[in-house]
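Reading the structure
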Amino acid sequence: TASRLLKHKRHLDSLCKVVDPTVHHTLEFAHANTGYTNMRTHKIIVDGTLLERNDDKLDVLSGLAIHEKLHVIHSMPLMKWQNEKKYELAKTYGQRELLHSIANIVEDEYIERQLSKTCAGYVHYIEACKEHYFAKQEEVMNSKDLSDFSDLINTFLMLVRYPSKISMERRKRHAPHIRVMMTAIRNGIDSREATYTCIET
(Lines give C-alpha, C1' and ligand atoms only; values in the text may rest on other atoms or scores of the structure.)
Protein backbone atom coordinates (compact mmCIF):
# COMPACT_ATOMS: atom_id res chain seq x y z
CA THR A 1 0.00 0.00 0.00
CA ALA A 2 2.78 2.42 0.93
CA SER A 3 4.58 1.73 -2.35
CA ARG A 4 1.38 2.22 -4.35
CA LEU A 5 0.56 5.49 -2.55
CA LEU A 6 4.08 6.80 -3.12
CA LYS A 7 3.74 6.06 -6.85
CA HIS A 8 0.43 7.94 -6.94
CA LYS A 9 1.87 10.85 -4.96
CA ARG A 10 4.62 11.22 -7.55
CA HIS A 11 2.02 11.04 -10.33
CA LEU A 12 -0.10 13.79 -8.73
CA ASP A 13 2.97 15.93 -8.15
CA SER A 14 3.87 15.58 -11.85
CA LEU A 15 0.35 16.60 -12.92
CA CYS A 16 0.57 19.72 -10.77
CA LYS A 17 3.95 20.58 -12.25
CA VAL A 18 2.58 20.32 -15.78
CA VAL A 19 -0.27 22.72 -14.90
CA ASP A 20 2.39 25.42 -14.41
CA PRO A 21 6.03 24.36 -14.06
CA THR A 22 7.11 27.96 -13.32
CA VAL A 23 5.16 28.08 -10.01
CA HIS A 24 6.79 26.08 -7.21
CA HIS A 25 4.75 23.75 -4.98
CA THR A 26 5.13 20.75 -2.69
CA LEU A 27 2.49 18.05 -2.29
CA GLU A 28 1.69 15.83 0.70
CA PHE A 29 -1.01 13.31 1.57
CA ALA A 30 -3.21 13.86 4.62
CA HIS A 31 -4.86 11.09 6.62
CA ALA A 32 -8.23 12.80 6.66
CA ASN A 33 -11.00 14.03 4.38
CA THR A 34 -9.37 17.32 3.42
CA GLY A 35 -7.76 19.38 0.71
CA TYR A 36 -6.11 22.75 1.20
CA THR A 37 -3.05 24.81 0.36
CA ASN A 38 -0.73 26.89 2.49
CA MET A 39 -0.54 29.92 0.23
CA ARG A 40 2.56 31.23 1.98
CA THR A 41 4.66 28.09 1.47
CA HIS A 42 2.78 26.67 -1.57
CA LYS A 43 2.37 23.36 0.26
CA ILE A 44 -0.58 21.38 -1.14
CA ILE A 45 -2.32 18.85 1.14
CA VAL A 46 -4.72 16.30 -0.34
CA ASP A 47 -6.74 13.41 1.05
CA GLY A 48 -4.59 10.29 0.66
CA THR A 49 -7.29 8.13 2.26
CA LEU A 50 -9.18 8.22 -1.06
CA LEU A 51 -6.57 5.77 -2.42
CA GLU A 52 -5.91 3.66 0.67
CA ARG A 53 -7.99 0.66 -0.38
CA ASN A 54 -7.89 0.90 -4.20
CA ASP A 55 -7.25 3.25 -7.14
CA ASP A 56 -10.91 3.92 -8.00
CA LYS A 57 -10.71 7.56 -6.89
CA LEU A 58 -7.41 8.43 -8.58
CA ASP A 59 -9.12 10.83 -11.01
CA VAL A 60 -10.92 12.49 -8.08
CA LEU A 61 -7.69 12.98 -6.17
CA SER A 62 -5.96 14.21 -9.32
CA GLY A 63 -8.69 16.83 -9.70
CA LEU A 64 -8.29 17.88 -6.06
CA ALA A 65 -4.51 18.25 -6.39
CA ILE A 66 -4.86 20.23 -9.63
CA HIS A 67 -7.51 22.46 -8.03
CA GLU A 68 -5.16 23.28 -5.17
CA LYS A 69 -2.29 24.00 -7.59
CA LEU A 70 -4.61 26.39 -9.43
CA HIS A 71 -5.04 28.28 -6.15
CA VAL A 72 -1.25 28.58 -5.87
CA ILE A 73 -1.08 29.93 -9.41
CA HIS A 74 -4.05 32.30 -9.43
CA SER A 75 -5.40 33.17 -5.96
CA MET A 76 -2.81 35.52 -4.44
CA PRO A 77 -4.39 38.62 -6.06
CA LEU A 78 -7.79 37.71 -4.56
CA MET A 79 -6.28 37.24 -1.10
CA LYS A 80 -4.65 40.68 -1.36
CA TRP A 81 -7.94 42.24 -2.54
CA GLN A 82 -9.87 40.61 0.32
CA ASN A 83 -7.42 41.92 2.92
CA GLU A 84 -7.74 45.42 1.50
CA LYS A 85 -11.55 45.38 1.21
CA LYS A 86 -12.81 43.21 4.06
CA TYR A 87 -13.28 46.00 6.62
CA GLU A 88 -14.90 48.24 4.01
CA LEU A 89 -17.33 45.57 2.83
CA ALA A 90 -17.92 43.70 6.10
CA LYS A 91 -18.43 45.42 9.43
CA THR A 92 -18.88 42.36 11.68
CA TYR A 93 -17.15 39.01 12.07
CA GLY A 94 -20.19 37.25 10.58
CA GLN A 95 -20.17 39.54 7.55
CA ARG A 96 -16.45 38.92 7.04
CA GLU A 97 -17.05 35.16 7.16
CA LEU A 98 -19.83 35.59 4.58
CA LEU A 99 -17.51 37.64 2.36
CA HIS A 100 -14.88 34.90 2.66
CA SER A 101 -17.42 32.18 1.72
CA ILE A 102 -18.72 34.09 -1.31
CA ALA A 103 -15.16 34.85 -2.44
CA ASN A 104 -14.19 31.16 -2.14
CA ILE A 105 -17.17 30.01 -4.20
CA VAL A 106 -16.49 32.51 -6.99
CA GLU A 107 -12.73 31.91 -6.87
CA ASP A 108 -13.06 28.12 -7.13
CA GLU A 109 -15.00 28.50 -10.36
CA TYR A 110 -12.66 31.20 -11.70
CA ILE A 111 -9.45 29.19 -11.20
CA GLU A 112 -10.95 26.02 -12.67
CA ARG A 113 -12.03 27.92 -15.78
CA GLN A 114 -8.41 29.02 -16.25
CA LEU A 115 -7.38 25.36 -16.60
CA SER A 116 -9.38 25.01 -19.83
CA LYS A 117 -7.22 27.78 -21.34
CA THR A 118 -3.86 26.26 -20.41
CA CYS A 119 -4.33 22.48 -19.90
CA ALA A 120 -7.68 21.57 -21.41
CA GLY A 121 -6.82 17.86 -21.29
CA TYR A 122 -6.90 18.00 -17.48
CA VAL A 123 -10.43 19.40 -17.16
CA HIS A 124 -11.93 15.90 -16.80
CA TYR A 125 -10.00 15.51 -13.52
CA ILE A 126 -11.68 18.64 -12.18
CA GLU A 127 -15.09 17.35 -13.28
CA ALA A 128 -14.50 14.01 -11.52
CA CYS A 129 -13.52 15.85 -8.35
CA LYS A 130 -16.56 18.16 -8.44
CA GLU A 131 -18.92 15.25 -9.04
CA HIS A 132 -17.43 13.27 -6.13
CA TYR A 133 -17.61 16.06 -3.57
CA PHE A 134 -21.00 17.33 -4.67
CA ALA A 135 -22.49 13.83 -4.42
CA LYS A 136 -21.19 13.62 -0.82
CA GLN A 137 -22.73 16.99 0.08
CA GLU A 138 -25.97 16.83 -1.91
CA GLU A 139 -28.07 15.35 0.88
CA VAL A 140 -26.78 17.91 3.42
CA MET A 141 -27.30 20.81 0.99
CA ASN A 142 -30.90 19.76 0.36
CA SER A 143 -31.73 19.05 3.99
CA LYS A 144 -35.00 20.48 5.29
CA ASP A 145 -33.28 21.23 8.62
CA LEU A 146 -31.12 24.06 7.22
CA SER A 147 -31.89 27.66 8.08
CA ASP A 148 -33.27 29.85 5.29
CA PHE A 149 -29.92 31.66 5.19
CA SER A 150 -27.86 28.47 4.81
CA ASP A 151 -30.28 27.25 2.16
CA LEU A 152 -29.79 30.50 0.24
CA ILE A 153 -25.98 30.21 0.43
CA ASN A 154 -26.27 26.65 -0.91
CA THR A 155 -28.36 27.99 -3.80
CA PHE A 156 -25.58 30.48 -4.59
CA LEU A 157 -22.98 27.70 -4.38
CA MET A 158 -24.97 25.51 -6.76
CA LEU A 159 -25.66 28.40 -9.13
CA VAL A 160 -21.94 29.11 -9.49
CA ARG A 161 -20.50 25.59 -9.22
CA TYR A 162 -23.25 23.04 -10.10
CA PRO A 163 -26.10 24.82 -11.97
CA SER A 164 -27.35 21.60 -13.54
CA LYS A 165 -28.06 20.21 -10.07
CA ILE A 166 -30.52 22.94 -9.02
CA SER A 167 -33.91 21.30 -8.61
CA MET A 168 -37.15 22.90 -9.79
CA GLU A 169 -38.24 23.11 -6.17
CA ARG A 170 -35.10 25.11 -5.29
CA ARG A 171 -35.55 27.31 -8.38
CA LYS A 172 -39.08 28.20 -7.29
CA ARG A 173 -38.09 28.69 -3.64
CA HIS A 174 -35.31 31.15 -4.45
CA ALA A 175 -36.49 32.58 -7.78
CA PRO A 176 -36.11 36.29 -6.77
CA HIS A 177 -32.67 35.64 -5.25
CA ILE A 178 -31.52 33.64 -8.27
CA ARG A 179 -32.40 36.55 -10.57
CA VAL A 180 -30.28 38.92 -8.47
CA MET A 181 -27.41 36.43 -8.19
CA MET A 182 -27.42 35.75 -11.94
CA THR A 183 -27.03 39.47 -12.62
CA ALA A 184 -23.89 39.45 -10.44
CA ILE A 185 -22.31 36.24 -11.75
CA ARG A 186 -23.32 36.38 -15.44
CA ASN A 187 -19.94 37.92 -16.37
CA GLY A 188 -18.38 37.53 -12.95
CA ILE A 189 -15.92 34.79 -13.89
CA ASP A 190 -14.74 36.33 -17.16
CA SER A 191 -11.63 38.04 -15.75
CA ARG A 192 -9.83 38.70 -12.48
CA GLU A 193 -11.32 42.21 -12.24
CA ALA A 194 -14.77 40.75 -12.95
CA THR A 195 -14.44 38.41 -9.94
CA TYR A 196 -13.89 41.40 -7.64
CA THR A 197 -17.01 43.13 -8.95
CA CYS A 198 -19.02 39.91 -8.69
CA ILE A 199 -17.96 39.20 -5.10
CA GLU A 200 -18.60 42.78 -4.02
CA THR A 201 -22.04 42.83 -5.64
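Worth saying up front: this structure is predicted, and the values here are computed from it rather than measured. (Residues numbered from 1 in each chain as written. Predicted model: local features only at pLDDT ≥ 70, side-chain atom pairs only at ≥ 80, totals over all residues. Heavy atoms only, no water.)

**Let's talk about the sheet that holds strand β2 (residues 35-38)**
Through backbone hydrogen bonds, the strands of a sheet pair up, either in parallel or in antiparallel fashion. Spatial ordering of the open sheet is given by β1-β3-β2, a layout of 3 strands whose pairing is mixed. Looking at the sheet topology across the chains shown, the edges are occupied by β1 (26-30) and β2. With direction set aside, neighbouring strand axes in the sheet form an average angle of 20 degrees. Alignment of β1 against strand β3 (residues 43-47), held across 5 bridges, turns out to be parallel. Bridge pairing in β3 links Glu28 to Ile45. Each of β1, β2 and β3 is contacted by helix α2 (residues 58-74), which is oriented at about 155 degrees to β3, the strand it contacts most. (Pairing = 2+ DSSP bridges. Helix = DSSP H or I, 4+ residues; strand = E, 2+ residues; numbered from the N terminus. Axes fitted to C-alpha atoms, helices over the stretch in contact; angles between N-to-C directions. Contact = heavy atoms within 4.5 Å.)

**Describing the pattern of salt bridges**
Taken as a whole and judged by the stated rule, the model has 15 salt bridges. Between Glu84 and Lys80 there is a salt bridge, with its nearest N and O atoms 2.8 Å apart. Taken together, the residues span about one helical turn, with Glu84 and Lys80 both in helix α3 (residues 76-89) at a distance of 4 residues. For the pair Glu84 and Lys80, a shared accessibility class is recorded, and that class is exposed. In this structure, the salt-bridge partner of Arg170 is Asp151, at a minimum N-O distance of 3.1 Å. You can see Arg170 sitting in helix α7 (residues 168-173) and its partner Asp151 sitting in helix α6 (residues 148-161), a full 19 residues away along the chain. In this structure, a network of salt bridges that share partners links the residues Glu109, Glu112, Arg113, Lys130 and Arg161. (Salt bridge = Lys/Arg side-chain N within 4 Å of Asp/Glu carboxyl O. Buried < 20%, exposed > 50% of the residue type's maximum accessible area, 1.4 Å probe, protein only.)

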